Amino acid sequence: MTFLWLNSGLFAQNGIKFEELSIEEALVKAKINNKLIFVDCYKSGCRPCKQMENEIFILESIGKYFDKNFISLKLKMEKGPEREIGLQYGVACFPTYLILDTEGKMIHKFAGYFPEKEFIAELEKRNDPQNSFS
């Protein structure tokens, strides 16, 4: 019997690499890596949440953009500490996306389903002072 070793890259995720970290751990990692934090706030059974997960978050172009700019978290907002985070940042609909600085300050928030180019354009608004949450 012959076994074939497959290149591990074959099964690598091309899209966003969501990390399993607490907000506190993400803040530390963001400081070390000089990146912002992206938080996908979602609920199970949410159709637009699933669309983003299955159509946009998996794209290689999105993955490259996120790897360069963010520490990415995916938080289910239904109970526990995740729900408290949602309340803290005023998450009222799903999906909601938060961009936090290395101190945990929200610098941009937006919600809903976005096609690829519109999603990147919305993320870029984080650099616009008019979108600041100061």
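Procedures and definitions
- Residues numbered from 1 in each chain as written.
- Predicted model: local features only at pLDDT ≥ 70, side-chain atom pairs only at ≥ 80, totals over all residues.
- Heavy atoms only, no water.
- Axes fitted to C-alpha atoms, helices over the stretch in contact; angles between N-to-C directions.
- Helix = DSSP H or I, 4+ residues; strand = E, 2+ residues; numbered from the N terminus.
- Parallel < 35°, antiparallel > 145°, perpendicular 65-115°, else oblique.
- Left-handed = near helix turned anticlockwise from the far one by under 90°.
- Contact = heavy atoms within 4.5 Å.
- Nonpolar A, V, L, I, M, F, W, Y, C, P; charged D, E, K, R; others polar.
- Disulfide = S-S within 2.5 Å.
- Buried < 20%, exposed > 50% of the residue type's maximum accessible area, 1.4 Å probe, protein only.
- Phe/Tyr/Trp six-rings, centres within 6.5 Å; stacked < 30°, edge-to-face > 60°.
- Lys NZ or Arg CZ within 6 Å of the ring centre and 35° of its normal.
- Arc of directions from axis to C-beta.
- Salt bridge = Lys/Arg side-chain N within 4 Å of Asp/Glu carboxyl O.

### Quick notes on the packing of helix α3 (residues 60-69) against helix α5 (residues 116-124)
Running from N to C, α3 and α5 point in directions that differ by 15 degrees, and their axes come no closer than 10 Å. Compared by their axis directions, α3 and α5 come out roughly parallel. For the crossing formed where α3 meets α5, the hand is left-handed. From α3, Ser61, Ile62, Tyr65 and Phe66 reach across to α5, where they touch Glu116, Phe119, Ile120, Leu123 and Glu124. Looking at the contact of α3 with α5 residue by residue, the classes come out as six nonpolar, one polar and two charged.

### Focus: the state of the cysteines
The bond known as a disulfide is covalent and runs between the sulfur atoms of two cysteines. One pass over the full model with this rule turns up one disulfide. The disulfide partner of Cys46 is Cys49, and the gap between their sulfur atoms is 2.3 Å. Disulfide Cys46 to Cys49: torsion about the S-S bond roughly 75 degrees, handedness right-handed. Overall, the relative accessible area of 11% leaves Cys46 in the buried class. Among the residues examined, Cys49 registers a relative accessible area of 5% and is labelled buried.

### What about the environment of Tyr89?
Its place among the elements puts Tyr89 in the loop between α4 (80-88) and β3 (96-100). Considered as a pair, Tyr89 and Lys109 are 20 residues apart in the sequence and their alpha carbons are 8.8 Å apart. With residues up to four places along the chain from it excluded, the contact list for Tyr89 reads Leu98, Leu100, Gly104, Met106 and Lys109.

### A word on the packing of aromatic side chains
In the structure shown here, the tally under the stated rule is 17 aromatic pairs. Look at Phe57 and Tyr97: their rings are 6.3 Å apart centre to centre, the planes differ by 80 degrees, and that puts the pair in the edge-to-face class. You can see Phe57 sitting in the loop between α2 (47-56) and α3 and its partner Tyr97 sitting in strand β3, a full 40 residues away along the chain. Exposure class is identical for Phe57 and Tyr97. Each is buried. For the pair Tyr65 and Phe70, a centre-to-centre distance of 6.2 Å together with 50 degrees between the ring planes defines the contact as tilted. By the burial criterion, Tyr65 is buried, and Phe70 matches it. One aromatic cluster in this structure is built from Phe18, Phe38, Phe57, Tyr65, Phe66, Phe70, Tyr97, Phe110, Phe114 and Phe119. Stacked on the ring of Phe18, the Lys or Arg Lys74 has its end atom at 4.8 Å from the ring centre. For Lys74, the ring lying beneath its charged end belongs to Tyr42, and the centroid distance is 4.9 Å.

### Observations regarding α2
Along α2, the positions that sit buried rather than exposed are Cys49, Met52 and Ile56. One side of α2 carries all its buried residues, which in axial view fall inside an arc of 90 degrees. Those residues of α2 hidden inside the fold are in contact with β1 (36-42), α3, β3 and α5.

### Regarding the pattern of salt bridges
What the rule picks out here adds up to eight salt bridges. For Lys17, the salt bridge identified is with Asp67, shortest N-O distance 3.3 Å. Remark: Asp67 occurs in helix α3 and Lys17 occurs in the segment before α1 (23-33); sequence separation between them is 50 residues. Residue classification places Lys17 among the partly exposed positions, given a relative accessible area of 39%. The residue Lys125 makes a salt bridge to Glu122 at a minimum N-O spacing of 3.1 Å. Glu122 gets classed as buried once you look at its relative accessible area, which sits at 12%.

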